[in-house]
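Fold and geometry: a report
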Amino acid sequence: QVQLVESGGGLVQPGGSLKLSCAASGNIFSIYTMGWYRQAPGKQRDLVATMSSRSSTNYADSVKGRFTISRDNAKNTVYLQMNSLKPEDTAVYYCNADIYRWAGDRLYNYWGQGTQVTVSS
């Protein structure tokens, strides 16, 4: 079994910063891509940022220049540093990972439980 556990969400004023963390644990051989998605009330879940095992990154246009994704492969952990936060960044942020559970396995996709980020004065 594999678990993704997020932390670091909360309430922040516009212009402020937050750093999210997501640690993967359980039956893991290696992790290919880790990333973050978000879902605002009444809207679909959208990509925020992803990073491959070779450090290739992909960002949503709306967060480029403000958010930075990073990984600690030794800890199976992905981070999202969020700066210059705006009210429109308010959403539940979900961690996502593509994981090989053992050598020769296929990729399995996993989601975390989500962490709320609220940007408001």
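Report on the accompanying structure. All values reported here derive from a predicted model rather than from experimental measurement.

Our focus in this paragraph is the layout of surface pockets. Computed from the structure, the largest pocket encloses a volume of approximately 170 Å³. Looking at the largest pocket, the residues that line it are Arg38, Ala40, Lys43, Gln44, Asp46, Leu47, Ala60, Ser62, Glu88, Thr90 and Ala91. Among the residues forming the lining of the largest pocket, the class breakdown is four nonpolar, three polar and four charged.

So, about the pairing of strand 9 (residues 91-100). Each regular strand displays side chains that alternate between the two surfaces of the sheet. Burial analysis of strand 9 places seven of its ten residues in the buried class, the great majority of the element. With eight bridges connecting them, strand 4 (residues 30-39) and strand 9 associate as antiparallel partners. Looking across to strand 9, one finds that Met34 is bridged to Ala97. In this sheet, strand 11 (residues 115-119) lies alongside strand 9 in antiparallel orientation, the contact comprising three bridges.

Turning to the sheet that holds strand 7 (residues 67-72), a few remarks are in order. Reading across the sheet, the four strands line up as 1-3-8-7 and stay open at both edges, with antiparallel pairing between neighbours. Every interior strand has two partners, whereas the edge strands, strand 1 (2-7) and strand 7, have only one. Across this sheet, the average inter-strand angle for adjacent strands is 15°, counted without regard to direction. Both strand 7 and strand 8 (residues 77-82) contribute to a ladder of six bridges, which runs antiparallel. Bridge pairing in strand 8 links Asp72 to Thr77.

Procedures and definitions
- Residues numbered from 1 in each chain as written.
- Predicted model: local features only at pLDDT ≥ 70, side-chain atom pairs only at ≥ 80, totals over all residues.
- Heavy atoms only, no water.
- 1 Å grid on protein atoms, 1.4 Å probe; cavity = no way out; pocket = protein on both sides within 12 Å on 5 of 7 lines; lining within 4 Å.
- Points joined across faces, edges and corners; volume = space filled by probe spheres on them.
- Nonpolar A, V, L, I, M, F, W, Y, C, P; charged D, E, K, R; others polar.
- Buried < 20%, exposed > 50% of the residue type's maximum accessible area, 1.4 Å probe, protein only.
- Helix = DSSP H or I, 4+ residues; strand = E, 2+ residues; numbered from the N terminus.
- Pairing = 2+ DSSP bridges.
- Axes fitted to C-alpha atoms, helices over the stretch in contact; angles between N-to-C directions.

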